[in-house]
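Overview (structure and organization)
Below are the chains, spelled out letter by letter.
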Amino acid sequence: MAIESNTLESKTKTIPTKNKGIKAFLKKCKDQQALLWMTVPFIIWVFIFKYLPVWGWTMAFQDFKPALGFSDQEWVGFKHFAFLFTDDRFLGVLRNTLAQSLINLVLGFLTAITLAVLINELSNMKFKRVVQTISYLPHFLSWVVAAALVSSVLSIDGIINDILMGLGLIDDEILWLGIGEYFWGILGAAETWKNVGWNAIIYLAAISMIDQEQYEAAKIDGASRIQRIFYITIPGMKSVIIVLLIMNIGYILEAGFEPQYLLGNGQNVEYSENIDVFVIKYGISMFNFSLATAAGMFKTVISFIFLIAANSFSKKMGQGGLY
């Protein structure tokens, strides 16, 4: 009897608490209904363009033919996935995608953080604005223009060969984009040149939120400029760095399409072709929609797993996460 009375007592305590929580939630929604209504168009947009197309993943399990209806398609199970994982070309494409993404991730983070810290240390405001503007400009170039510039600079009679030969570092001109082993480095350098200024903006915003009194106190205590960077600036950016790192790990198989497609050629194809290029060349261009869908589905699932794993790892390490 004592146990029953305790159970009833706990239930009566739990139900009001839940009701109170729901009431508080509804009241909060009512108070913020203007903000909630503002989110409705974006929720609809996300549903139409991000969730509704997921229905198309069924093509990965069919020998899809556009002329036939959904019920008339031939279902083939995991045939296209089995083909992908036994195809030497796709395994090479997967290697290229991972290598390109990792290079972009490391270079992108290090250069953007370094640039943000250096810009923050500039005391001359005019010079600071000039540096910021110059670093942002390449981001607004389309990859068609940027790839043409990169190809011109790296051509046989380009400026890179002229400089290296002038310094005596090479004896003959090199066709840089004609040597596959150089492609990952060239791509990483091109991505960094194009996006470093843009990527640094968010770190500059994070730095601007650091309490200036910390710098003043550090100066009074005799901390040098380098010490202030390592003990105040970089720790102050830590939460932003972690969030961006988690998000970028989620995009680890999103190495891009335009630069690889525009800078790639027959001589460097073994190193330039990534999953997105593979989907276009061997899926959509050859009307093999099921294979293209299987490759795209594989990329999405792996990205999702990486995102969840990175977020969980970050939370376990006590560094917070996206949710």
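Here, residues in each chain are numbered from 1, in the same order as that chain's written sequence. In keeping with the predicted nature of the model, local features appear solely for residues at pLDDT of at least 70, side-chain atom pairs appear and are counted solely at 80 or more, and the whole-chain, interface and lining totals rest on all residues. Where side-chain values are given, they derive from all heavy atoms of the structure, hydrogens and water being excluded.

Okay, the packing of helix α4 (residues 88-121) against helix α5 (residues 125-136) next. Contact pair α4 / α5: the axes reach a minimum separation of 9 Å and the direction vectors enclose 160 degrees. Here α4 lies roughly antiparallel to α5, going by the angle between them. The handedness of the crossing between α4 and α5 comes out as left-handed. Counted together, L115, I119 and N120 of α4 and K128, V131, Q132 and S135 of α5 form the full contact between these two elements. Only Asp, Glu, Lys and Arg are considered charged in this grouping, and only Ala, Val, Leu, Ile, Met, Phe, Trp, Tyr, Cys and Pro are considered nonpolar; every other residue, Gly among them, is considered polar. Residue composition of the contact of α4 with α5, by class: 3 nonpolar, 3 polar and 1 charged. The angle between two axes is taken between their N-to-C directions and runs from 0 to 180 degrees, where each axis is a line fitted to C-alpha atoms and a helix contributes only its stretch in contact. In this text, helices come from DSSP runs of H or I with a minimum length of four residues, and strands from runs of E with a minimum of two, each type numbered from the N-terminal end. Note on terminology: angles under 35 degrees are roughly parallel, angles over 145 are roughly antiparallel, angles of 65 to 115 are roughly perpendicular, and the others are oblique. Should the near helix be turned anticlockwise from the far one by less than a right angle, the crossing is left-handed, and should it be turned clockwise, the crossing is right-handed. Should any heavy atoms of two residues lie within 4.5 Å, those residues are counted as being in contact.

This part is about unusual backbone geometry. Backbone geometry at F287 places phi at a positive 60 degrees, although glycine is not the residue there. Within the secondary structure layout, F287 lies in the loop between α14 (275-284) and α15 (289-316). On the basis of relative accessible area, F287 is assigned to the exposed category, the value being 63%. Relative accessibility decides the category of a residue: with a 1.4 Å probe and only protein chains considered, values under 20% of the type maximum give buried, values over 50% give exposed, and everything between is partly exposed.

For the rest of this paragraph, the subject is the UniProt feature "transmembrane region" (unreviewed entry) in the chain. What UniProt calls "transmembrane region" (unreviewed entry) maps, in this numbering, to residues 34-52, 98-119, 140-170, 182-208, 229-253 and 286-309. Taken end to end, residues 140-170 is 61% helix and 0% strand, and its two terminal C-alpha atoms sit 34 Å from one another. UniProt positions are given in the numbering used here, feature names are shortened, and annotations may be inferred rather than shown by experiment.

Moving on, we get to the nonpolar core. As used in this record, nonpolar core signifies buried Ala, Val, Leu, Ile, Met, Phe, Trp, Tyr and Cys residues forming a set joined through side-chain atoms within 4.5 Å. By size, the foremost hydrophobic cluster in this structure holds 40 residues, and its most contacted members are L84, F90, F109, I113, Y203, M237 and I275. Elements represented by at least two residues in this core include exactly α3 (79-86), α4, α8 (183-208), α9 (212-220), α10 (225-236), α11 (238-250), α14 and α15. With 11 residues, α4 is the largest single contributor of residues to this core. Ignoring anything within four residues of it in the chain, the contact list for I275 reads F90, V93, L94, T97, A295, F298 and K299. The next biggest cluster of nonpolar side chains, apart from the first, holds 18 residues, and it includes V150, L164, F183 and Y271.

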